4 protein chains.
Amino acid sequence: MSMNTSGRVFRFSTWGESHGPALGAIVDGCPPGLAISEEAIQPFLDARKPGQNKFTTQRREPDQVKILSGVFEGQTTGTPISLMIENTDQRSKDYSDVARAYRPGHADYTYDAKYGFRDYRGGGRSSARETAARVAAGAVARLVIPEVTICGYVSEIGGDAIDPTAFDPSEITRNPFFCPDAAAAKRWEDLVGKARKEGSSLGAVVECVATGVPAGWGAPLYAKLDADLAAAIMSINAVKGVEIGDGFAAARLRGEDNADPMRPGENAPEFLANHAGGIAGGISTGQPVVVRTAFKPTSSILIPQPTVTREGEATELATKGRHDPCVGIRGVPVVEAMMALVLADQKMLHRAQCG
Amino acid sequence: MSMNTSGRVFRFSTWGESHGPALGAIVDGCPPGLAISEEAIQPFLDARKPGQNKFTTQRREPDQVKILSGVFEGQTTGTPISLMIENTDQRSKDYSDVARAYRPGHADYTYDAKYGFRDYRGGGRSSARETAARVAAGAVARLVIPEVTICGYVSEIGGDAIDPTAFDPSEITRNPFFCPDAAAAKRWEDLVGKARKEGSSLGAVVECVATGVPAGWGAPLYAKLDADLAAAIMSINAVKGVEIGDGFAAARLRGEDNADPMRPGENAPEFLANHAGGIAGGISTGQPVVVRTAFKPTSSILIPQPTVTREGEATELATKGRHDPCVGIRGVPVVEAMMALVLADQKMLHRAQCG
Amino acid sequence: MSMNTSGRVFRFSTWGESHGPALGAIVDGCPPGLAISEEAIQPFLDARKPGQNKFTTQRREPDQVKILSGVFEGQTTGTPISLMIENTDQRSKDYSDVARAYRPGHADYTYDAKYGFRDYRGGGRSSARETAARVAAGAVARLVIPEVTICGYVSEIGGDAIDPTAFDPSEITRNPFFCPDAAAAKRWEDLVGKARKEGSSLGAVVECVATGVPAGWGAPLYAKLDADLAAAIMSINAVKGVEIGDGFAAARLRGEDNADPMRPGENAPEFLANHAGGIAGGISTGQPVVVRTAFKPTSSILIPQPTVTREGEATELATKGRHDPCVGIRGVPVVEAMMALVLADQKMLHRAQCG
Amino acid sequence: MSMNTSGRVFRFSTWGESHGPALGAIVDGCPPGLAISEEAIQPFLDARKPGQNKFTTQRREPDQVKILSGVFEGQTTGTPISLMIENTDQRSKDYSDVARAYRPGHADYTYDAKYGFRDYRGGGRSSARETAARVAAGAVARLVIPEVTICGYVSEIGGDAIDPTAFDPSEITRNPFFCPDAAAAKRWEDLVGKARKEGSSLGAVVECVATGVPAGWGAPLYAKLDADLAAAIMSINAVKGVEIGDGFAAARLRGEDNADPMRPGENAPEFLANHAGGIAGGISTGQPVVVRTAFKPTSSILIPQPTVTREGEATELATKGRHDPCVGIRGVPVVEAMMALVLADQKMLHRAQCG
């Protein structure tokens, strides 16, 4: 991965800041001849879109995607696909607070330390708004891997986890939390609502499962499928942890309990367990690829925090205005997009080497 | 990262299999004029070396490093540094078992699924032996970042964790577990010894802390410092999870508890906490960079597991011979090496862009 | 270089087709804090702009550049700079001819052979219009190398060369040919005018000299400065040859005549000749970097040529409409841009490794 | 291309200096299952080997290649192939001259300017000896493109060109000059012999033709096939110019004379000419790919040249010892190797994107 680009063969780059005129993505290396349209990309952006309910930020952005290149007569041409999303709700807000002092937990201080300078409006480049461009690119990536189904959901908010036995995939789109457990979703209404009212925020765990990935994708050693997923997902704002399969729980198992024994299957070996999360030696096993992601609680909270100004003086800062009480919720479409982008690249890399 | 290469400006590639004549690393982009010698690299390899006690594999390899290029009169020249380690203990073992059937939890099946073919001797390219080359490259990386101290240790084996209040860094090199807590090390002797005798294996958690990293290293968005670390560490054999700072625990905190407030310091802001693990917005904050890694229990166990042959028939397989009862232990020098490699690259990338 | 991206540290990508809504470039890795504006980029685009006189295509494009990201309060922020140029003169032309048959010398057949499909409107992605995006990116690159002056000019059209002894740099912008020799420019009016009237086209040689490049830029072996320049310039439409310094003429010299002897200079050795074109061993010598480029005659001519249809039937095709009688002329700002882009990247790469 | 690595999917890196213990190449991304052996690679190295006749350097190196990894039971495994060539004839020569002063035309001064330091023994990393590693890697690349035949030859030495009508491919291996024209080879014996005796050197032009390349290889815009070839070939020591097809001669043609008209062929269009050298829009046309390369006369000559010492004092330097009077001759196997490496990478990249 280079700075604002990811992928080897199927590559994407994003650009844009929270409060610039627009943001976007360039998808390069997409196979030709795939049916594509703005209408087909839009639903993925809509799923990530802010302002849809009281549990996410009230910034209202239509997040309308435009295809500027790489498509002819409804098909990809093999040349770069430029996707643009205009920023419309750049409320002319007073940024003097943020310009003057560093918001704890944000990238304000580190951007300044790195560049000696920063676009402080709405977090600039480090704003979660950039993830809209990833979601648009991810929608293109999905076209490359029609054999794969990617399903993400929130499995835990503020320490309150779903009941795995109550898992119902059809529930995921029925509540504002991408929650597959109706009872948990009900509880989270109170939990998240309360945090919002208190001006606080909550962390979350997002799980994402890709089914249909055939055995053989992934390129040892430094382009392992799990290494790619780890990088892609850790690059998402507010993510602090990534697990493949059993993850940290595997560190507490004994070898015989963590084994994924095999038996003969119809066309391929059948696995009796999936502790590995569908990846062994960096290569997909044919089982579902399972990733778990830890989102920290949003750093933007109304509760004032001690901090320092650019001049090095002590002050306090509380976030004003519109923010997500639980940024992990809107992380679901982003995790899905990153997974699609990694899988598309790995599929094509596999095809390059192994025909 | 490309297939067997990692890094952007400070780049390294590794090559070699478990049972070939040798394995090695090429370090490219190393600054010129750094004092270097085989003697200075060797101690890092010695720390990773197998066969040093009964808690690691009994394969005996001297792991003697040779510098084949890139060094003149004791200094790096700026040209590629070729490091080679000869394999000496390739015991002429009977591999017919492994050649015939897939060891569960290993990369046997996935390599075959990908390449249609595999070097089954000792795991071939997917053997943990390859990490010797990483450790050698990591020793070179350390020369690039003299301001940084990297300290790794095992914090948990088989679910038995150290007592953080008993943390003593000087303890780490005094026991065979890289354990900073003398009491835990004592307990682990029994724990690991018992698992070894039973032919089983245990998982482990490795923590690694880099102090001295100045604020400003890391390149948003897809070359974030945490994304790089996640990829680098997830690429290590047997790793199933990576956390930065509080990791998954942060997902259970509220915003105000996860904040890292600041106050004026001598030359830079001082942080009152380090939940973020030294990274915000993908850029180092100047605080210690903290990474936690989950190692699964070694898949090679003496307890037979159901599996299938290459021809798709059911069989059982138990590992014979020499293996690590807890592969996470020898993971410590490897995690340290990967961290050094990432930091060296990010330091140089930062210098390129920000002077 | 990847498909639509070039550079290692200072990277740029371009996107867009001749007849899409817009085209553009993303510049990634630009140092922060450089003063930049649309007004500062525009003159470079104006120099390349079509329709300015009868010796270039009559397509009329304002080629107005917009900065969409990466700039705050008139300075680069270190994040991706998105540059967009809208296509306005997409004359609703009848493309049925070109859609049906392959224009000889164009990329029509090869795009179809590669992708099974092509955007035939105005050459699609293979149109020289894409070079507008390169010129915009090149204008940003120049900011990174203020110590360097890049001067390109046409030294030969249709076999009629300038007189080197009549070289006058101030002449270059006084005629429509970027010609440094007033007498040659006068002759070329007739030469190019005649070719245009006859519906034919002429080739050209473009020379480009970068002064102020310090000794030490360039990264052996596969990122040599000359290798980078060769790739960058050969990637321009219609280019068929690249020379560094004496180029092919050096192949006819004896060693002692091709030597660039040195004598002591004020701060560095002084060279008594520059056959090498400012590059030795892939690294700049401190002398002017000299590149010569061969542009073939435009393939779009009014004289019908035998060709085949997509269905494989024989036909004849002549280009209708607006085209450059000598595409090399407008190649000058593009060669300059590519040189700036390569030098900016190499400067930053050098800084990364050698501080 | 990064510093010592080239390629995107089929990648190779080289390492090693003229007077180190060994040099080598790592080939990464090679498809699995290709039959390979040291014996199959050796002939390519033998063709490049020095000391075979009086027209090349008298350094005697067996250039015996060893495969250290990536091959199992005579087949490539898909993992990195490490190729090593030991240096044996490192004559313990007096290097005090070269250590003290810069040889004009060599990379001595530029390496010092870049790195502040250099391995002066035999040119160090900038020695043409490094090309042995390229030739070894190129032999592997050929396995990836069995449909392609690559034929290189010298077409001109010291300004004395072959007669194209006397072209006889079988002649190429019958003389020490890779010359396809028996009469020219005869003349060159005198020409090169005389230059050698006079302590001078001669430049040369090498042509290389790849037949069998199907239409569709090459990736616009910055990974065009011709851009890749230009970079790969310009990265060879002593190369100062690259042409595709008619090259600079095309700049002197009119559009109608430079056209490559088409007519219906059996399975694909048939071209009536090949001015384009088999590449249009950066993509192969299916015609032979034709590259011409200018090699400067060897800079190492016995005739003293004015130069400066590291301390900046005036001196004179003449090369002593063993050198090629015409380095272009042994350039032929190197140009062939670079062409094979580029084509293998482009074939695999094409397969990745276009299936």
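Remember, predicted model here, so these are calculated numbers, not experimental data. (Residues numbered from 1 in each chain as written. Chains lettered and ligands numbered in written order. Predicted model: local features only at pLDDT ≥ 70, side-chain atom pairs only at ≥ 80, totals over all residues. Heavy atoms only, no water.)

Caption draft 1: Spatial organisation of the UniProt feature "binding site: FMN" (unreviewed entry) in chain A. Under the local residue numbering, the UniProt record ascribes the feature "binding site: FMN" (unreviewed entry) to Arg125(A), Ser126(A), Ser127(A), Asn237(A), Ala238(A), Gly281(A), Lys296(A), Pro297(A), Thr298(A), Ser299(A), Ser300(A) and Arg322(A). Counting through the fold element by element, Arg125(A) comes out in the loop between helix 3 (108-115) and helix 4 (131-144). In this structure Arg125(A) touches Asn4(A), Thr14(A), Trp15(A), Gly16(A), Glu17(A), Tyr111(A), Glu130(A), Leu221(B), Thr79(C) and Pro80(C), once residues within four positions along its chain are discounted. A distance of 2.8 Å separates a polar atom in the side chain of Arg125(A) from the backbone oxygen of Thr14(A). Here Ser127(A) is to be found in the loop between helix 3 and helix 4. (UniProt positions renumbered as here; feature names shortened; annotations may be inferred. Helix = DSSP H or I, 4+ residues; strand = E, 2+ residues; numbered from the N terminus. Contact = heavy atoms within 4.5 Å. Polar contact = N/O pair within 3.5 Å; in protein donor to acceptor, adjacent residues only side chain to side chain.)

Caption draft 2: View of the UniProt feature "binding site: NADP(+)" (unreviewed entry) in chain A. Residue and element names in this part refer to chain A. UniProt feature "binding site: NADP(+)" (unreviewed entry): in the numbering of this structure it lies at Arg48 and Lys54. Here Arg48 is to be found in helix 1 (residues 38-48). Overall, Arg48 belongs to the buried group, its relative accessible area being 2%. With residues near it in sequence (within four places) discarded, Arg48 still touches Asp63, Ala128, Arg129, Thr131, Ala132, Val135, Arg330, Pro333 and Val334. Side-chain polar atoms of Arg48 contact the side chain of Asp63, separated by 3.2 Å. (Buried < 20%, exposed > 50% of the residue type's maximum accessible area, 1.4 Å probe, protein only.)

Caption draft 3: Region of interest: the interface of chain D and chain C. Tallying the contact residues gives 102 residues for chain D and 102 residues for chain C. With both chains or domains summed, chain D and chain C bury close to 8000 Å², and 62% of this area falls on carbon and sulfur atoms. The interface formed by chain D and chain C contains 4 salt bridges. Residues Glu156(D) and Arg252(C) are paired through a salt bridge, measuring 2.5 Å at the closest nitrogen-oxygen approach. Our count for the chain D to chain C interface comes out at 45 residue pairs in polar contact (both at pLDDT 80 or more). Judged from the 3 bridges that link them, strand 11 (residues 239-244) of chain C and strand 11 (residues 239-244) of chain D form a sheet pairing that is antiparallel. (Buried area = accessible area lost by both parts, 1.4 Å probe. Salt bridge = Lys/Arg side-chain N within 4 Å of Asp/Glu carboxyl O. Pairing = 2+ DSSP bridges.)

Caption draft 4: Molecular detail of the relation of the copies chain D and chain B. Overlay of chain D on chain B (RMSD 0.0 Å): rotation 180°, translation along the axis 0.0 Å. Such a combination of rotation and displacement between the chain copies is what one expects of a two-fold axis. A share of 100% of the interface residues of chain D reappears at the interface of chain B, consistent with the copies meeting face to face through the same patch. (Least-squares fit on C-alpha atoms with pLDDT ≥ 70 in both.)

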